[in-house]
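Coordinate inspection notes
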Amino acid sequence: MESFRIDVPQADLDDLRRRLDATRWPDELPGVGWTRGVPVAYLKELADHWRHGYDWRAHEARLNEIPQFTTEIDGTRLHFLHVRSAVEGATPLMLIHGWPGSVVEFLDVIGPLTDPAAHGGDPAAAFHLVIPSLPGHGFSGPIAEAGWTDGRVAKALTELMARLGYERYGVQGGDVGAFVAPEMGRLAPEKVIGVHVNALVTFPTGEAASLTEREQQRMALFQRFQDDMSGYMQIQGTRPQTLAYALTDSPTGQLAWIVEKFHEWTDPAAKLPEEAVDRDRLLTNVMIYWLTNTARSSANSYYERFHDAAMWAPRGVSPVPTGVAVFTTDVAIRRFAEAAHTIRHWAEYDRGGHFAALEAPDLLVADVREFFTAL
């Protein structure tokens, strides 16, 4: 394992500014708002802030305050943050981001989870944190071969925990992380003490007529996602290479591709993404995709998921204790989740959305503490 420090060449930042200045903007139909994608006026203003108001070096320095490392596992580089608590006997915990996320998602939960006493928590509920950049994402860099399914990612991450000397540990994940974390539990149930997820996707089983009113609302949201919000997923899951040309060449295109998801998936109380997530934090997340040239390889994970027969094959219930936090835009339904997971903890919140660690870090931290403390 090698220590890692982010040090983006100035030439890359200069190139980004040139590309932003040279953006060729599309026209749009009048009065359509967000219904057909990101509005031009909104994206122009955000891109202008990115070009003239955002300071990458300040955020690079903030990230470099956190211990970072790289190692090679199964032929690919794996980048990760590793923050050990000063509390003796702290529980090792891996935090796994999703798409279009990165390790940036977890910046506001690192302090409360590693040093709870300094943040109004019980010192006994302390964690050593391992926060990887998923293979093909961020500073792990592009993957060089096909076949990186969620199962293969889970195997690599269990190997990472073993290399770090953690024999028993918890795993938390959202979005893609909510697929990978349970896979780690299935792969190494003797090592994973518990799996905590948010943004869990559950698939209908049994009669929908018996659902509660709130569960019916989630089913309706799930159906809306399938019908009207999953275009990105279909493209990434079928033609990631074609998409990559646009996102790799145009920072404005990469920005629009990601910010659309922050608009659709954050707490509905927020009318614009920056009302739910700090604008510069959002741009730092976009910068990681842009600077590492991982638009193609991060989209590729969807292709692998779509074409992985093992993922969709019938399986029994995972024996690993599982906790689920459900936020405002999540579609998880407990009775469906119980078909695949041993649910020990289920909590529902009326604040925060898909990007819980960014939108409601206090709620996520409290839920993680509650679940693992009970174990």
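Details of the structure are given in the entry above.
Residues numbered from 1 in each chain as written. Predicted model: local features only at pLDDT ≥ 70, side-chain atom pairs only at ≥ 80, totals over all residues. Heavy atoms only, no water.

A look at the pairing of strand 6 (residues 169-174)
Residues in a regular strand point their side chains to alternate faces of the sheet. Most of strand 6 sits inside the fold, with 6 of its 6 residues counted as buried. Residues Tyr169, Val171 and Gly173 of strand 6 are buried on one face, and the alternating residues Gly170, Gln172 and Gly174, pointing to the opposite face, are buried as well. Pairing of strand 6 with strand 7 (residues 192-198) involves 6 bridges; the strand directions are parallel. Along strand 7, the bridge assignment pairs Gly174 with Asn198. At this point the chain moves from strand 6, through helix 6 (residues 176-187), to the parallel strand 7, and the crossover so formed is right-handed. (Buried < 20%, exposed > 50% of the residue type's maximum accessible area, 1.4 Å probe, protein only. Helix = DSSP H or I, 4+ residues; strand = E, 2+ residues; numbered from the N terminus. Pairing = 2+ DSSP bridges. Right-handed = clockwise from strand over helix to strand, strands pointing away.)

So, the sheet that holds strand 4 (residues 91-96)
Read across the open sheet, the 9 strands follow the order 1-2-3-5-4-6-7-8-9; overall the sheet is mixed. The open sheet has two edge strands with one neighbour each: strand 1 (2-3) and strand 9 (342-348). Taken strand by strand, helix 4 (residues 107-114) contacts strand 3 (76-83), strand 4 and strand 5 (127-132), and its axis lies near 155° from that of strand 5. (Contact = heavy atoms within 4.5 Å. Axes fitted to C-alpha atoms, helices over the stretch in contact; angles between N-to-C directions.)

Side note on empty space enclosed by the protein
The rolling of a water-molecule-sized probe over the atoms marks out the regions of remaining empty space. The tally for this structure, following the rule as stated, stands at 5 cavities of 30 Å³ or more. Volume-wise, the largest cavity comes out at about 100 Å³. As for the largest cavity, its lining consists of 15 residues, of which Glu105, Gly174, Asn198, His354 and Ala356 are closest to the centre. Going through the elements one at a time, strand 6 and helix 15 (356-359) are the ones with two or more residues in the lining of the largest cavity. Each residue belonging to the lining of the largest cavity can be placed in one class, and the counts come to 7 nonpolar, 6 polar and 2 charged. The space that makes up the second largest cavity amounts to roughly 70 Å³. Looking at the second largest cavity, the residues that line it are Leu134, Pro135, His137, Ile143, Trp148, Asp150, Val153, Val176, Ser297, Asn300, Ser301 and Arg305. Of all the elements in the fold, those that place two or more residues in the lining of the second largest cavity are helix 5 (150-163) and helix 12 (295-306). Per-element tally for the lining of the second largest cavity: the top contributor is helix 12, with 4 residues. Partitioned by chemical class, the residues of the lining of the second largest cavity number 6 nonpolar, 4 polar and 2 charged. (1 Å grid on protein atoms, 1.4 Å probe; cavity = no way out; pocket = protein on both sides within 12 Å on 5 of 7 lines; lining within 4 Å. Points joined across faces, edges and corners; volume = space filled by probe spheres on them. Nonpolar A, V, L, I, M, F, W, Y, C, P; charged D, E, K, R; others polar.)

Take it as geometry only, folks, not as evidence of what the structure does.
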